[in-house]
Amino acid sequence: MKKSVLVTGARENTTGFAIAKRFAEEGYDVFITSRHAESAQAAAEKITAITGRFAKGYALSAFDEGDVKTVFEDIRANGYLLDTLVCNAANLGIRQDTLTVDIKDFMDVINTNVGWNFMLARAAALQMKEKGGGAVVFINSNTAYRAIPSRCAYSASKGGMLAMSRALALDLGKYNIRSNCVLPGMIKTERWENNYNDCRNAPSNFTPLGDIASFEDIANAAWYLGSDQSRNTTGAELVVDGGNMIQLYPIIPEK
Ligand SMILES: NC(=O)c1ccc[n+]([C@@H]2O[C@H](COP(=O)([O-])OP(=O)(O)OC[C@H]3O[C@@H](n4cnc5c(N)ncnc54)[C@H](OP(=O)(O)O)[C@@H]3O)[C@@H](O)[C@H]2O)c1
(Lines give C-alpha, C1' and ligand atoms only; values in the text may rest on other atoms or scores of the structure.)
Protein backbone atom coordinates (compact mmCIF):
# COMPACT_ATOMS: atom_id res chain seq x y z
CA MET A 1 0.00 0.00 0.00
CA LYS A 2 1.11 3.56 -0.70
CA LYS A 3 3.11 5.34 2.02
CA SER A 4 1.80 8.69 3.19
CA VAL A 5 2.59 11.45 5.65
CA LEU A 6 0.61 14.41 7.01
CA VAL A 7 2.66 17.45 8.05
CA THR A 8 0.95 20.36 9.79
CA GLY A 9 1.97 23.99 9.20
CA ALA A 10 3.86 23.20 5.99
CA ARG A 11 3.43 26.17 3.66
CA GLU A 12 6.42 27.10 1.48
CA ASN A 13 9.66 28.37 3.05
CA THR A 14 9.00 26.78 6.42
CA THR A 15 10.32 23.95 8.53
CA GLY A 16 7.13 22.03 7.78
CA PHE A 17 7.61 22.34 4.03
CA ALA A 18 11.16 20.97 4.29
CA ILE A 19 9.83 18.00 6.28
CA ALA A 20 7.07 17.32 3.74
CA LYS A 21 9.58 17.59 0.87
CA ARG A 22 11.97 15.17 2.60
CA PHE A 23 9.28 12.52 2.96
CA ALA A 24 8.20 13.03 -0.68
CA GLU A 25 11.82 12.60 -1.80
CA GLU A 26 11.83 9.30 0.08
CA GLY A 27 8.77 8.10 -1.85
CA TYR A 28 5.91 9.13 0.44
CA ASP A 29 2.75 10.82 -0.80
CA VAL A 30 2.14 13.96 1.17
CA PHE A 31 -0.73 15.75 2.89
CA ILE A 32 -0.06 19.14 4.36
CA THR A 33 -1.99 21.73 6.33
CA SER A 34 -1.91 25.48 6.70
CA ARG A 35 -4.48 27.80 8.23
CA HIS A 36 -4.83 29.22 4.72
CA ALA A 37 -6.22 27.06 1.88
CA GLU A 38 -4.22 28.83 -0.85
CA SER A 39 -0.92 28.39 1.03
CA ALA A 40 -1.63 24.71 1.61
CA GLN A 41 -2.51 24.13 -2.03
CA ALA A 42 0.49 26.11 -3.33
CA ALA A 43 2.84 24.11 -1.11
CA ALA A 44 1.30 20.82 -2.25
CA GLU A 45 1.71 21.80 -5.91
CA LYS A 46 5.34 22.73 -5.27
CA ILE A 47 6.03 19.36 -3.62
CA THR A 48 4.56 17.58 -6.63
CA ALA A 49 6.55 19.78 -9.03
CA ILE A 50 9.82 19.05 -7.18
CA THR A 51 9.38 15.36 -6.41
CA GLY A 52 6.66 14.05 -8.71
CA ARG A 53 4.78 12.65 -5.70
CA PHE A 54 1.07 13.09 -5.03
CA ALA A 55 0.49 15.95 -2.59
CA LYS A 56 -2.67 17.62 -1.26
CA GLY A 57 -3.15 20.66 0.95
CA TYR A 58 -5.84 21.33 3.54
CA ALA A 59 -6.89 24.48 5.36
CA LEU A 60 -6.88 23.56 9.05
CA SER A 61 -6.93 25.76 12.13
CA ALA A 62 -6.78 24.80 15.74
CA PHE A 63 -9.01 23.80 17.61
CA ASP A 64 -11.98 21.94 16.09
CA GLU A 65 -12.03 18.12 16.27
CA GLY A 66 -14.70 18.02 13.55
CA ASP A 67 -12.31 19.74 11.13
CA VAL A 68 -9.55 17.27 12.05
CA LYS A 69 -11.88 14.32 11.38
CA THR A 70 -12.88 15.81 8.01
CA VAL A 71 -9.22 15.92 6.93
CA PHE A 72 -8.64 12.29 7.95
CA GLU A 73 -11.84 11.16 6.20
CA ASP A 74 -10.59 12.86 3.04
CA ILE A 75 -7.19 11.17 3.34
CA ARG A 76 -9.01 7.84 3.50
CA ALA A 77 -11.28 8.83 0.59
CA ASN A 78 -8.13 9.44 -1.46
CA GLY A 79 -7.15 5.81 -0.89
CA TYR A 80 -4.68 6.21 2.00
CA LEU A 81 -4.30 5.13 5.58
CA LEU A 82 -1.67 7.40 7.10
CA ASP A 83 1.80 6.01 7.93
CA THR A 84 3.29 9.09 9.55
CA LEU A 85 1.99 12.25 11.22
CA VAL A 86 4.38 15.16 11.82
CA CYS A 87 2.89 17.74 14.20
CA ASN A 88 4.95 20.77 13.23
CA ALA A 89 2.53 23.72 13.42
CA ALA A 90 2.69 25.61 16.68
CA ASN A 91 1.28 28.66 18.38
CA LEU A 92 4.60 30.31 19.26
CA GLY A 93 3.12 32.38 22.09
CA ILE A 94 5.67 35.14 21.59
CA ARG A 95 5.89 38.15 23.95
CA GLN A 96 3.41 36.92 26.56
CA ASP A 97 4.41 38.91 29.61
CA THR A 98 3.94 36.59 32.57
CA LEU A 99 2.36 39.16 34.89
CA THR A 100 -0.14 40.54 32.39
CA VAL A 101 -0.86 37.90 29.74
CA ASP A 102 -4.58 37.36 29.12
CA ILE A 103 -5.42 33.83 30.24
CA LYS A 104 -7.26 33.27 26.95
CA ASP A 105 -4.06 33.95 25.00
CA PHE A 106 -2.16 31.67 27.40
CA MET A 107 -4.70 28.87 26.92
CA ASP A 108 -4.72 29.31 23.12
CA VAL A 109 -1.06 28.25 23.15
CA ILE A 110 -1.71 25.23 25.39
CA ASN A 111 -4.85 24.22 23.46
CA THR A 112 -3.09 24.41 20.09
CA ASN A 113 0.23 22.83 20.98
CA VAL A 114 -1.13 20.10 23.26
CA GLY A 115 -4.91 19.71 22.72
CA TRP A 116 -5.00 20.12 18.95
CA ASN A 117 -1.96 17.91 18.47
CA PHE A 118 -3.64 15.26 20.63
CA MET A 119 -6.69 15.36 18.33
CA LEU A 120 -4.43 14.97 15.30
CA ALA A 121 -2.41 12.15 16.88
CA ARG A 122 -5.56 10.27 17.90
CA ALA A 123 -7.13 10.58 14.45
CA ALA A 124 -3.86 9.44 12.87
CA ALA A 125 -3.51 6.53 15.32
CA LEU A 126 -6.95 5.20 14.36
CA GLN A 127 -5.80 4.91 10.73
CA MET A 128 -2.37 3.57 11.71
CA LYS A 129 -3.92 0.88 13.91
CA GLU A 130 -6.00 -0.24 10.96
CA LYS A 131 -2.89 -0.29 8.78
CA GLY A 132 -0.81 -2.25 11.30
CA GLY A 133 1.50 0.52 12.50
CA GLY A 134 2.77 4.04 12.07
CA ALA A 135 4.74 6.89 13.57
CA VAL A 136 3.86 10.22 15.17
CA VAL A 137 6.58 12.89 15.32
CA PHE A 138 6.14 16.04 17.35
CA ILE A 139 8.34 19.00 16.43
CA ASN A 140 8.94 20.11 19.99
CA SER A 141 11.58 22.58 21.26
CA ASN A 142 14.48 22.66 23.68
CA THR A 143 12.31 25.19 25.57
CA ALA A 144 10.55 22.09 26.94
CA TYR A 145 13.60 21.96 29.25
CA ARG A 146 15.10 25.45 29.27
CA ALA A 147 13.02 28.61 29.72
CA ILE A 148 13.26 31.72 27.54
CA PRO A 149 11.75 35.10 28.48
CA SER A 150 8.03 35.83 28.19
CA ARG A 151 7.20 32.38 26.75
CA CYS A 152 5.64 30.70 29.81
CA ALA A 153 2.71 29.15 27.92
CA TYR A 154 4.96 28.06 25.04
CA SER A 155 7.45 26.34 27.37
CA ALA A 156 4.61 24.71 29.32
CA SER A 157 3.02 23.51 26.08
CA LYS A 158 6.27 22.00 24.83
CA GLY A 159 6.91 20.31 28.18
CA GLY A 160 3.35 18.96 28.03
CA MET A 161 3.97 17.75 24.50
CA LEU A 162 7.01 15.75 25.68
CA ALA A 163 4.93 14.04 28.36
CA MET A 164 2.07 13.47 25.91
CA SER A 165 4.44 11.89 23.40
CA ARG A 166 5.70 9.42 26.02
CA ALA A 167 2.13 8.62 27.11
CA LEU A 168 1.11 8.02 23.49
CA ALA A 169 4.17 5.81 23.01
CA LEU A 170 3.03 3.72 25.97
CA ASP A 171 -0.62 3.44 24.94
CA LEU A 172 -0.06 2.92 21.22
CA GLY A 173 3.00 0.64 21.21
CA LYS A 174 0.81 -2.45 21.16
CA TYR A 175 -0.54 -1.29 17.78
CA ASN A 176 3.02 -0.85 16.47
CA ILE A 177 2.52 2.92 16.56
CA ARG A 178 5.54 4.92 17.71
CA SER A 179 5.62 8.46 19.13
CA ASN A 180 8.77 10.60 19.33
CA CYS A 181 9.87 14.23 19.58
CA VAL A 182 12.39 16.38 17.71
CA LEU A 183 13.70 19.18 19.93
CA PRO A 184 15.09 22.03 17.81
CA GLY A 185 16.91 25.00 19.25
CA MET A 186 16.84 28.08 17.06
CA ILE A 187 16.00 27.37 13.39
CA LYS A 188 17.04 29.53 10.41
CA THR A 189 13.48 30.55 9.54
CA GLU A 190 12.37 33.62 7.57
CA ARG A 191 12.16 35.37 10.95
CA TRP A 192 15.86 34.63 11.50
CA GLU A 193 16.80 35.61 7.94
CA ASN A 194 14.80 38.87 8.09
CA ASN A 195 16.03 39.79 11.52
CA TYR A 196 19.61 38.76 11.05
CA ASN A 197 21.29 41.12 13.50
CA ASP A 198 18.98 40.38 16.41
CA CYS A 199 19.05 36.65 15.85
CA ARG A 200 22.78 36.66 15.25
CA ASN A 201 23.22 38.19 18.69
CA ALA A 202 20.70 35.99 20.46
CA PRO A 203 22.44 33.89 23.12
CA SER A 204 20.92 30.73 21.65
CA ASN A 205 22.97 31.37 18.52
CA PHE A 206 26.19 30.64 20.41
CA THR A 207 26.22 26.87 20.35
CA PRO A 208 29.15 24.47 20.79
CA LEU A 209 28.87 23.70 17.06
CA GLY A 210 28.77 27.42 16.24
CA ASP A 211 25.62 27.15 14.16
CA ILE A 212 21.87 26.78 14.44
CA ALA A 213 19.57 24.36 12.62
CA SER A 214 18.59 24.64 8.97
CA PHE A 215 15.17 23.45 7.80
CA GLU A 216 16.93 20.38 6.40
CA ASP A 217 18.48 19.52 9.78
CA ILE A 218 15.00 19.34 11.30
CA ALA A 219 13.64 17.48 8.25
CA ASN A 220 16.39 14.85 8.59
CA ALA A 221 15.50 14.26 12.24
CA ALA A 222 11.78 14.08 11.45
CA TRP A 223 12.49 11.62 8.63
CA TYR A 224 14.50 9.40 10.97
CA LEU A 225 11.86 9.33 13.70
CA GLY A 226 8.92 9.18 11.28
CA SER A 227 10.19 6.32 9.10
CA ASP A 228 11.16 2.69 9.59
CA GLN A 229 14.76 3.87 10.11
CA SER A 230 13.80 4.17 13.79
CA ARG A 231 11.47 1.15 13.98
CA ASN A 232 12.58 0.23 17.53
CA THR A 233 12.52 3.77 18.95
CA THR A 234 9.51 5.19 20.77
CA GLY A 235 8.90 7.73 23.53
CA ALA A 236 12.28 9.26 22.66
CA GLU A 237 13.66 12.75 22.09
CA LEU A 238 16.17 13.89 19.47
CA VAL A 239 17.71 17.28 20.24
CA VAL A 240 18.81 19.26 17.16
CA ASP A 241 20.25 22.48 18.60
CA GLY A 242 23.98 22.53 17.88
CA GLY A 243 24.55 21.53 21.51
CA ASN A 244 22.85 24.68 22.80
CA MET A 245 21.08 22.96 25.66
CA ILE A 246 24.10 21.19 27.16
CA GLN A 247 25.73 24.48 28.11
CA LEU A 248 25.40 26.09 31.52
CA TYR A 249 25.60 29.39 29.65
CA PRO A 250 26.52 30.30 26.06
CA ILE A 251 30.12 31.32 25.41
CA ILE A 252 29.66 34.64 23.61
CA PRO A 253 32.77 35.91 21.79
CA GLU A 254 33.88 39.35 23.01
CA LYS A 255 33.67 40.90 19.57
N1 LIG B 1 11.91 28.70 14.81
C2 LIG B 1 12.60 28.25 15.83
O3 LIG B 1 13.68 28.81 16.14
C4 LIG B 1 12.11 27.06 16.62
C5 LIG B 1 12.84 26.66 17.74
C6 LIG B 1 12.42 25.54 18.47
C7 LIG B 1 11.29 24.85 18.07
N8 LIG B 1 10.58 25.29 16.98
C9 LIG B 1 9.40 24.51 16.62
O10 LIG B 1 9.53 24.10 15.28
C11 LIG B 1 8.25 24.09 14.64
C12 LIG B 1 8.31 24.95 13.41
O13 LIG B 1 8.72 26.24 13.85
P14 LIG B 1 8.83 27.49 12.92
O15 LIG B 1 9.58 28.54 13.63
O16 LIG B 1 9.25 27.05 11.57
O17 LIG B 1 7.32 27.90 13.01
P18 LIG B 1 6.41 28.81 12.15
O19 LIG B 1 6.74 28.69 10.71
O20 LIG B 1 6.29 30.13 12.75
O21 LIG B 1 5.08 28.01 12.48
C22 LIG B 1 4.86 26.77 11.91
C23 LIG B 1 3.53 26.82 11.21
O24 LIG B 1 2.54 26.73 12.21
C25 LIG B 1 1.38 27.36 11.73
N26 LIG B 1 0.82 28.10 12.85
C27 LIG B 1 1.32 29.18 13.46
N28 LIG B 1 0.52 29.59 14.47
C29 LIG B 1 -0.52 28.71 14.49
C30 LIG B 1 -1.67 28.57 15.27
N31 LIG B 1 -1.96 29.44 16.24
N32 LIG B 1 -2.52 27.55 15.00
C33 LIG B 1 -2.25 26.67 14.00
N34 LIG B 1 -1.18 26.75 13.21
C35 LIG B 1 -0.33 27.76 13.45
C36 LIG B 1 1.82 28.29 10.60
O37 LIG B 1 1.26 27.87 9.39
P38 LIG B 1 0.18 28.76 8.59
O39 LIG B 1 0.46 30.21 8.88
O40 LIG B 1 0.46 28.38 7.18
O41 LIG B 1 -1.11 28.30 9.13
C42 LIG B 1 3.31 28.13 10.51
O43 LIG B 1 3.81 28.01 9.22
C44 LIG B 1 7.26 24.57 15.70
O45 LIG B 1 6.66 23.48 16.32
C46 LIG B 1 8.12 25.33 16.69
O47 LIG B 1 7.57 25.34 17.98
C48 LIG B 1 10.96 26.36 16.26
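Everything below is about the structure printed above this text.
Every residue gets a number counted from 1 within its own chain, in the order that chain's sequence is written. The predicted nature of this model means local features are confined to residues of pLDDT at least 70 and side-chain atom pairs, given and counted, to a pLDDT of 80 or more, with totals for whole chains, interfaces and linings taken over all residues.

(A) Here's a closer look at the overall build of the protein. Strands are runs of DSSP state E lasting at least 2 residues, helices are runs of H or I lasting at least 4, and numbering of each runs from the N terminus. When helices and strands are counted, the protein shows eight helices and seven strands. When we talk radius of gyration, it's over C-alpha atoms, and the globule rule is simply 2.2 Å times the number of residues to the 0.38. Its C-alpha atoms give the protein a radius of gyration of 18 Å, within 12% of the compact-globule value 18 Å for 255 residues. Seen along its three principal axes, the alpha-carbon backbone of the protein occupies a region of about 55 × 40 × 40 Å. Working definition of a contact: two residues with C-beta atoms, positioned from the backbone, lying within 7 Å. Of the contacts formed within the protein by residues at least 6 apart in sequence, a portion of 72% connects residues at least 24 apart.

(B) Geometry of the sheet that holds strand 7 (residues 237-240). Ordered in space as 3-2-1-4-5-6-7, the seven strands form an open sheet in which the pairing is parallel. Of all the strands in the sheet, the pair left with one neighbour each is strand 3 (55-59) and strand 7. Along the sheet, successive strands turn relative to each other by an average axial angle of 15°, direction set aside. Pairing between strands is defined by DSSP: at least two bridges between the two strands are required. The pairing of strand 4 (residues 84-87) with strand 5 (residues 134-139) spans four bridges and is classified as parallel. When the sheet's bridge partners are listed, Cys87 is paired in strand 5 with Phe138. Contacting strand 2 (29-34) and strand 3, helix 2 (residues 37-51) crosses the sheet at an angle of about 170° to strand 3. Throughout, an axis means a line fitted to C-alpha atoms (over the contacting stretch in the case of helices), and angles, computed between N-to-C directions, take values from 0 to 180 degrees.

(C) Geometry of the site of the ligand. Around the ligand, the structure places 23 residues, and the nearest of them are Gly9, Ser34, Arg35, Ala89 and Ala90. Note on residue categories: nonpolar means Ala, Val, Leu, Ile, Met, Phe, Trp, Tyr, Cys or Pro, charged means Asp, Glu, Lys or Arg, and polar means any other residue, Gly included. Its residues placed into classes, the shell around the ligand shows eight nonpolar, 13 polar and two charged. Whether a residue is near a molecule or strand depends on its C-beta atom, placed from the backbone, lying within 6 Å of it.

(D) Highlighting the nonpolar core. Formed by 63 residues in total, the largest nonpolar core has its most connected members in Ile218 and Ala222. Take this core: its biggest share by element is seven residues, from helix 4 (residues 103-131). Setting aside residues no more than four positions away along its own chain, Ala222 makes contact with Ile19, Val86, Val137, Ile139 and Val182. Joined through C-beta atoms within 7 Å, a set of buried Ala, Val, Leu, Ile, Met, Phe, Trp, Tyr and Cys residues constitutes a nonpolar core. Burial in this document is a count-based property: other C-beta atoms within 10 Å of a residue's C-beta are tallied, and the residue is buried at 20 or more, exposed at 12 or fewer, or partly exposed in between, with C-beta positions derived from the backbone.

(E) View of the environment of Ala202. As for its position among the elements, Ala202 is in the loop between helix 7 (196-201) and helix 8 (215-226). In this structure the C-alpha to C-alpha distance between Ala202 and Pro250, which are 48 residues apart in sequence, comes to 9.9 Å.

(F) Geometry of unusual backbone geometry. Even without a glycine there, the phi angle at Asn13 is positive, about 60°. Structurally, Asn13 is set in the loop between strand 1 (4-7) and helix 1 (15-25). A positive phi is found at Arg95, a non-glycine position, where the angle reads about 55°.

(G) How the structure looks around the environment of Glu130. Structurally, Glu130 is set in helix 4. C-beta crowding within 10 Å serves as the criterion here: with 12 such atoms nearby, Glu130 is assigned to the exposed category. With 23 residues separating them in the primary sequence, Glu130 and Ala153 have C-alpha atoms 35 Å apart.

(H) Examining helix 5 (residues 152-172) more closely. Here the expected span of a helix is defined as 1.5 Å times the quantity of residues minus one. Taking 1.5 Å per residue as the helical rise, helix 5 with its 21 residues ought to reach 30 Å, and the 30 Å between its terminal C-alpha atoms agrees with that figure. Within the span of helix 5, buried status applies to Ala153, Tyr154, Ser157, Lys158, Met161, Met164, Ser165, Leu168 and Leu172. The buried side chains of helix 5 occupy one side of the element, clustering within an arc of 125° when seen end-on. Projecting away from the buried face of helix 5 at angles above 90 degrees are the exposed residues Ala163 and Leu170. Against helix 4, strand 5 and strand 6 (177-184) lie the buried residues of helix 5. Working note: the arc is built from the helix axis to C-beta atom directions.

(I) The arrangement of the pairing of strand 6 in detail. Of all eight residues that make up strand 6, eight are buried, and the element is covered over most of its length. Burial along strand 6 is two-sided: Ile177, Ser179, Cys181 and Leu183 facing one way and Arg178, Asn180, Val182 and Pro184 facing the other are all buried. Sheet topology note: the strand 5/strand 6 ladder contains six bridges and is parallel. The residue bridging Val136 from the neighbouring strand is Ser179, located in strand 6. When the strands point away from the viewer, a crossover counts as right-handed if the path from the first strand over the helix to the second runs clockwise. Regarding the hand of the β-α-β motif, the stretch spanning strand 5, helix 5 and strand 6 is right-handed. Where strand 6 lies against strand 7, four bridges are found, and the strand directions are parallel. Residue pairing for strand 7: Cys181 is matched across the bridge by Glu237.

(J) Spotlight on the packing of helix 1 against helix 8. Running from N to C, helix 1 and helix 8 cross one another at 50°; their axes reach a closest spacing of 8 Å. Taken together, the axes of helix 1 and helix 8 are oblique relative to one another. Pair helix 1 / helix 8 crosses with right-handed handedness. Contact residues: helix 1 offers Thr15, Ala18, Ile19, Arg22 and Phe23, while helix 8 offers Phe215, Glu216, Ile218, Ala219, Ala222 and Trp223. Residue composition of the contact of helix 1 with helix 8, by class: eight nonpolar, one polar and two charged. Roughly parallel means an angle under 35 degrees; roughly antiparallel means over 145; roughly perpendicular covers 65 to 115; every other angle is labelled oblique. If you view the pair so one helix is near and one far, a crossing is left-handed when the near helix is turned anticlockwise from the far one by less than a right angle, and right-handed when it is turned clockwise.

Everything listed is a geometric property; what it means functionally is a separate question.
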